[in-house]
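Structural overview
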Amino acid sequence: AHQIFLGTLVPALKIDDHKLVRWHPEFDLNGLELPPAGELPQPPVSTRILSANEMLVSIDSNKAAPPPGMQEAVEKNLEKVLAERQEKLEKEAQDQLKGLDPALVARIRAKEANKIAQKMTRDPQKDKEIEMLERLEPVVRCLRVLYISAGKGSLMLQEVTQEISSNPRVSLSQHSVDEHIRLLIKICPKWLSVANLRKKEYLKLNRNHDTNIVLEDIQNKLNELKS
């Protein structure tokens, strides 16, 4: 069903099923019709105790097969619904884009389709890192203000995370702030680093390092992951 929908888009998206990690954002999961309910397979009547291997063979052989023609009927109906929906969307889009250069519209559509295709196949772990990078700017600014106010270049990491998490500009839990700070250390080691002293972690911040360069490094990493 999802592949049929992707084929109706303009331009159409062709992505192997094994590469997909999420649905297309416009795919209507709630609009899909459920297949008709079938009878559950009945357990075989037997007084003999079966081995594990015999049980697996029995389960496999007793799987209920769909009624004849059901799969074809469902797919045909789905294709009709998606085609009607796509036709309606195309008409609305044409009305909105009337008067624009068709070549420009085609380029915009192709670019947007490429972005969606990348997002649908991107590693979820990479998506998590992108989300964290997009939240780093207020963390960076709060860190700078905190260290300037303290007049120190090193503070206990636990105290820093507690202070940052209580700031309304950040809106992150203390644990999440810790994760974001450790990501910052990887991206901007010249600005931020961790030192261990007497079994406690201290966060060192280089106040002579330009914060704008830190933000540029974050943006560059973000662009790299999104490309």
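My aim in this report is to walk through the structure given alongside it, one point at a time. Note that the coordinates shown come from a computational prediction; the quantities given were computed from them, not determined experimentally.

1. Some words on the overall build of the protein
Across its full length, the protein carries 9 helices and 3 strands. Starting at the N terminus, the α and β elements of the protein follow one another as α-α-α-α-α-α-β-α-α-β-β-α. Put simply, of all contacts in the protein between residues at least 6 apart along the chain, 62% involve residues at least 24 apart. Accessible surface for the protein amounts to roughly 16300 Å². Of this, 53% is attributable to carbon and sulfur atoms.

2. Thoughts on the nonpolar core
With 32 residues, the main nonpolar core has Leu143, Val160, Ile181, Leu184, Trp191, Leu192 and Leu203 as its most contacted residues. Every element with two or more residues in this core is listed here: α5 (124-134), α6 (136-150), α7 (157-165), α8 (174-187), β3 (200-205) and α9 (211-226). The element that contributes the greatest number of residues to this core is α6, accounting for 7 residues. Beyond its immediate stretch of four places on either side in the chain, Leu184 contacts Leu136, Val139, Val140, Leu143, Pro189, Trp191, Leu192, Val214 and Ile218. Counting 11 residues, the second-largest nonpolar core is a separate cluster that includes Ile15, Ile116, Ala117 and Met120.

3. Comments concerning the pattern of salt bridges
Enumeration according to the criterion identifies 5 salt bridges in this entry. For Asp178, the salt bridge is made with Arg182, and the minimal N-O distance between the two is 2.8 Å. Here Asp178 and its partner Arg182 are both found in helix α8, 4 residues apart, which amounts to about one turn of the helix. Classification of Asp178 by relative accessible area gives buried; the value is 18%. The closest approach of N and O atoms between Lys221 and Glu224, which form a salt bridge, is 3.8 Å. Taken together, the residues span about one helical turn, with Lys221 and Glu224 both in helix α9 at a distance of 3 residues. Overlapping salt bridges bring together Asp178, Arg182 and Glu201 as one network.

4. Comments concerning the pairing of strand β2 (residues 192-197)
By the bridge criterion, 6 bridges tie β2 to β3 in an arrangement that is antiparallel. Considered in β3, the bridge of Asn196 is made with Glu201. Following β2, the chain reverses through 2 residues before pairing antiparallel with β3; Arg198 in that reversal takes a positive phi of roughly 55°.

5. Concerning unusual backbone geometry
Glycine aside, a negative phi is what most residues show, and trans is what most peptide bonds show. With a phi close to 55°, Arg198 is a non-glycine residue in the positive phi region. You can see Arg198 is positioned in the loop between β2 and β3. A relative accessible area of 78% places Arg198 in the exposed class. Despite not being glycine, Lys199 has its phi angle at roughly 65°, a positive value. By the secondary structure assignment, Lys199 is in the loop between β2 and β3.

6. Here we look at the packing of α5 against α9
For any two helices packed against each other, the geometry comes down to the angle between their axes and how far apart the axes lie. Contact geometry of α5 with α9 gives a least axis separation of 10 Å together with a crossing angle of 150°. Here α5 is positioned roughly antiparallel relative to α9, judged by the angle of their axes. The chirality of how α5 crosses α9 is left-handed. Contact residues: Lys126, Glu129, Ile130, Leu133 and Glu134 in α5; Ile218, Lys221, Leu222, Leu225 and Lys226 in α9. Looking at the contact of α5 with α9 residue by residue, the classes come out as 5 nonpolar, no polar and 5 charged.

Parameters at a glance
Residues numbered from 1 in each chain as written. Predicted model: local features only at pLDDT ≥ 70, side-chain atom pairs only at ≥ 80, totals over all residues. Heavy atoms only, no water. Helix = DSSP H or I, 4+ residues; strand = E, 2+ residues; numbered from the N terminus. Contact = heavy atoms within 4.5 Å. Areas by Shrake-Rupley, 256 points an atom, 1.4 Å probe, with all protein chains shown as cover. Core = buried A, V, L, I, M, F, W, Y, C linked by side-chain atoms within 4.5 Å. Buried < 20%, exposed > 50% of the residue type's maximum accessible area, 1.4 Å probe, protein only. Salt bridge = Lys/Arg side-chain N within 4 Å of Asp/Glu carboxyl O. Pairing = 2+ DSSP bridges. Axes fitted to C-alpha atoms, helices over the stretch in contact; angles between N-to-C directions. Parallel < 35°, antiparallel > 145°, perpendicular 65-115°, else oblique. Left-handed = near helix turned anticlockwise from the far one by under 90°. Nonpolar A, V, L, I, M, F, W, Y, C, P; charged D, E, K, R; others polar.

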